Number of protein chains: 2
Amino acid sequence: MPKLIDLTERKQFIAHATWKIMLEQGMEGVSARNIAKEAGLSLGALRYYFSTQEELLLYAESLVFEQLTEKTNEIFQEEKSPLEKIIGVLMIFLPSKEDSDMEARVRLIFKLHGSNGRKIYREEQDAALQAVKNIMSNLILLNLLKKELDVSLETDRLIHLLDGMVLDAMVRAERTTRGQQRKTIVHHLNTICKEDVGR
Amino acid sequence: MPKLIDLTERKQFIAHATWKIMLEQGMEGVSARNIAKEAGLSLGALRYYFSTQEELLLYAESLVFEQLTEKTNEIFQEEKSPLEKIIGVLMIFLPSKEDSDMEARVRLIFKLHGSNGRKIYREEQDAALQAVKNIMSNLILLNLLKKELDVSLETDRLIHLLDGMVLDAMVRAERTTRGQQRKTIVHHLNTICKEDVGR
DNA sequence: ATCTATTTAACACGATTGTACCAAATGATT
DNA sequence: AATCATTTGGTACAATCGTGTTAAATAGAT
């Protein structure tokens, strides 16, 4: 009796429409009507999947984490050198005009949005922070990190650099290229690693 | 016949009320009524100083630049070592729970807000970017910068680090201390400077 | 064909939005 | 004391907001 519509697939579709509005109009534009229009649904249909706006936003935010984490895991499973994997993972969180994925941009909007109101920032829900922590652990295990470094300080510095680059890419969309981003990342890794990071 | 109310002082007061709302409720909370209530004014009074909401926002944004630039100039005129000045300037752009100034936080909100719609990001209106550029110039003139470095890349890396730290301070307000911020800044400067940066 | 879960459409409600207009109040100048 | 530009408070409007309710339409399983 259930219809053939995959419920989670539909919810994801709506969440993606929400992301698009967040990117084009900011949080001010996130209204049930705007989202319904963007998704090509009626108000009632939207309300069928998400009974309240807060529920929709929570889902849209958790989906960012899920998709970014999945991308990260995929890269880690590829067959490359450890450093190439690390670079690849970091690039996931950097948006550019060359790729149309929204996760990286939306992550930053949600991160800043959390600073308002009473909603608290949950570190374990920040895919980028978790990825950076993993990367730092790997660098230690591989004995690639310069010995005298303060690991927690370097972790912070890397996540801050990442967030700053995302903000820059969003603000200067057309002027930022993937190559420049990679160059910056590689250079930063070189300053904290013993051996020369590839390329 | 003009009344004794200083017009620009009044406009600044309203702009500061706007900042407060931006910090507490985000851009979604920025409405004429909210601002009027926060400033203790009536709708009509608010409209007397700013005939339109866009005009108010433009003024509030330009005021961020003005006040941050003024703070920067003040530090540069103090009698300290060049490196202490540089550190002091960078700290201006880092908010913390210890200081109640809003400029640094509001700057980031405006910067991200500019990514929506067709409003373009103007580099020369980003007080932090201008400060970092000045700092890099000074480092070169003082011959403190490591020679092999790519200056424009290091400029980017520093502004990105700064923006990332601001975002972090806003999101993890209570957990970030001024000392940690200074430590991070000093460490980063040490990685790009020849001599040891003080303290 | 019938049943049932899913999906859509349409409308109503109170609240809030930006903008606008106007009468009253204010205070320095005459 | 009289004058008048400046400043303020109050009200009004059309539009949009989130939410809720209702009935109709749809489509797959039986």
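Below is a short write-up of the structure. (Residues numbered from 1 in each chain as written. Chains lettered and ligands numbered in written order. Predicted model: local features only at pLDDT ≥ 70, side-chain atom pairs only at ≥ 80, totals over all residues. Heavy atoms only, no water.)

### Concerning the overall build of chain A
Applied cut-off: Here a helix means four or more residues in a row that DSSP labels H or I, a strand means two or more in a row labelled E, and each is numbered from the N terminus. Classification of residues uses two cut-offs on accessible area relative to the type maximum, computed with a 1.4 Å probe and protein chains only: under 20% is buried, over 50% is exposed, and between them is partly exposed. Note on areas: these come from Shrake-Rupley sampling with a 1.4 Å probe, and a residue is covered only by the protein chains present in the view. The positive count covers Lys and Arg only, the negative count covers Asp and Glu only, and His and the chain ends enter neither. Where a charge lies is defined by one atom per residue type, namely NZ (Lys), CZ (Arg), CG (Asp) and CD (Glu).
Within chain A one finds nine helices and zero strands. Starting at the N terminus, the α and β elements of chain A follow one another as α-α-α-α-α-α-α-α-α. Projected onto its principal axes, the C-alpha coordinates of chain A cover approximately 60 × 40 × 35 Å. In chain A, which comprises 199 residues, the proportion classed as buried is 49%. Total accessible area computed for chain A in this model is approximately 10000 Å², and 52% of it derives from carbon and sulfur atoms. Seen as two clouds, the 28 positive and the 30 negative side-chain charges of chain A have centres 3 Å apart.

### Topic: helix α2 (residues 32–39) of chain B
Residues and elements named next belong to chain B. Here is the rule we go by: As used here, the arc belongs to the directions running from the helix axis to the C-beta atoms. Whether two residues are in contact is decided by their heavy atoms: any pair within 4.5 Å suffices.
Inspection of α2 places I35, A36 and A39 among the buried residues, and these make up the whole buried set. Considered in projection along α2, the buried side chains sweep an arc of 100° and stay on one side of the axis. α2 presents R33 and K37 as exposed residues on the side facing more than 90 degrees away from its buried surface. Along its buried surface, α2 packs onto α1 (7–25), α3 (43–49) and α4 (53–77). Positive phi shows up at G40, right after α2, with a value of about 70°.

### Side note on the interface of chain B and chain A
Formally: Buried area: the accessible area, evaluated with a 1.4 Å probe, that two parts lose upon being put together, summed over both parts. The salt bridge definition used is simple: a Lys or Arg side-chain nitrogen within 4 Å of an Asp or Glu carboxyl oxygen. Any residue that is not Ala, Val, Leu, Ile, Met, Phe, Trp, Tyr, Cys, Pro, Asp, Glu, Lys or Arg is counted as polar, Gly included; the first ten are nonpolar and the last four charged.
Listed as interface residues are 38 residues of chain B and, on the opposing side, 38 residues of chain A. Counting each side, the surface lost to burial between chain B and chain A is near 3200 Å², with a carbon and sulfur contribution of 63%. If you sort the residues of chain B by the area they bury against chain A, L112(B), R157(B) and H160(B) come out on top, with a joint share of 20%. At the surface where chain B touches chain A, the tally comes to four salt bridges. If you list the elements that add at least two residues to the side of chain B that touches chain A, you get α1, α6 (103–113), α8 (151–171) and α9 (178–192) of chain B. With twelve residues, α8(B) is the single largest residue contributor to the side of chain B that touches chain A. Class assignment of the residues belonging to the side of chain B that touches chain A gives a composition of 14 nonpolar, twelve polar and twelve charged.

### Focus: the relation of the copies chain B and chain A
Inclusion rule: Here the copies were fitted onto each other by least squares, based on C-alpha atoms from residues at pLDDT of at least 70 in both.
Structural alignment of chain B on chain A gives an RMSD of 0.1 Å, achieved by rotating through 180° and translating 0.0 Å along the axis. Such a combination of turn and shift is consistent with a two-fold rotation axis. Most of the interface of chain B is mirrored in chain A, where 100% of its interface residues are also at the interface.

### Things to note about empty space enclosed by the protein
So the rule is basically this: Only protein atoms enter the 1 Å grid used here, on which a cavity is any set of points holding a 1.4 Å probe that cannot leave and a pocket is any open set flanked by protein within 12 Å on both sides along at least five of seven lines; residues with an atom within 4 Å of a point are listed as lining. Grid points are joined across faces, edges and corners, and a volume is the space filled by probe spheres set on the points.
Per the counting criterion, the structure on display carries one cavity of 30 Å³ or more. Taken as a whole, the largest cavity encloses approximately 220 Å³ of empty space. Of all the secondary-structure elements, those providing two or more residues to the lining of the largest cavity are α6 (103–113) of chain A together with α6 of chain B. Classifying every residue of the lining of the largest cavity gives seven nonpolar, eight polar and two charged.

### So, the nonpolar core
Worth spelling out the cut-off: To define a nonpolar core, start from buried Ala, Val, Leu, Ile, Met, Phe, Trp, Tyr and Cys residues and group those joined through side-chain atoms within 4.5 Å.
Ranked by size, the top nonpolar core spans 128 residues in total, and within it L139(A) and L139(B) carry the most contacts. Contacts of L139(B), omitting those with residues within four sequence positions, involve L83(B), I86(B), L144(B), L145(B), I192(B) and C193(B).

### A short note on the pattern of salt bridges
Residues and elements named next belong to chain A. Counted under the stated rule, the structure contains 32 salt bridges over all chains. Here E38 and K20 are joined by a salt bridge, their closest N and O atoms 3.4 Å apart. Linking E38 in helix α2 (residues 32–39) with K20 in helix α1 (residues 7–25), this pair joins segments that are 18 residues apart in sequence. Residue K20 is classed as partly exposed on the basis of its relative accessible area of 35%. Among the salt bridges present, the one from K71 reaches D101, with a minimum N-O distance of 2.6 Å. With K71 in helix α4 (residues 53–77) and D101 in the loop between α5 (82–92) and α6, this residue pair connects regions lying 30 residues apart in the sequence. Via salt bridges that share partners, R107, K111, D126 and D163 belong to a single interconnected network.

### Quick look at the environment of L145(A)
Residue and element names in this part refer to chain A. Following the sequence through the fold, L145 ends up in the loop between α7 (127–141) and α8 (151–171). Owing to a relative accessible area of 7%, L145 belongs among the buried residues under this scheme. Taking the C-alpha atoms as reference, L145 lies 41 Å from A17; in sequence the two are 128 residues apart. Setting aside residues no more than four positions away along its own chain, L145 makes contact with M136, L139, I140, V151, I192 and K194.

### Remarks on the packing of α7(A) against α8(A)
All names here are of chain A. Using the following cut-off: Here an angle of 0 to 180 degrees is reported between the N-to-C directions of two axes, which are lines fitted to C-alpha atoms, with helices fitted over the stretch in contact. Any angle that falls under 35 degrees is termed roughly parallel, while one over 145 is termed roughly antiparallel, one within 65 to 115 roughly perpendicular, and all others oblique. Left-handed describes a crossing whose near helix is turned anticlockwise from the far helix by less than a right angle; the clockwise case is right-handed.
Contact geometry of α7 with α8 gives a least axis separation of 10 Å together with a crossing angle of 135°. The angle between α7 and α8 falls in the class oblique. The hand of the α7/α8 crossing is right-handed. Residues A128, L129, V132, K133, M136 and I140 of α7 form the contact with α8, whose own contacting residues are V151, E154, T155, L158, I159 and L162. In terms of residue class, the contact of α7 with α8 is made up of nine nonpolar, one polar and two charged.

### A closer look at the packing of α4(A) against α5(A)
Residue and element names in this part refer to chain A. For the pair α4 and α5, the least separation of the axes is 9 Å and the interaxial angle reads 165°. Between α4 and α5, the crossing angle belongs to the class labelled roughly antiparallel. Like other packed secondary-structure pairs, α4 and α5 cross with a definite hand, here right-handed. Counted together, L68, K71, T72, I75 and F76 of α4 and K85, G88, V89 and I92 of α5 form the full contact between these two elements. For the contact of α4 with α5, the per-class residue count stands at five nonpolar, two polar and two charged.

No statement about biological role is implied by the geometric values presented.
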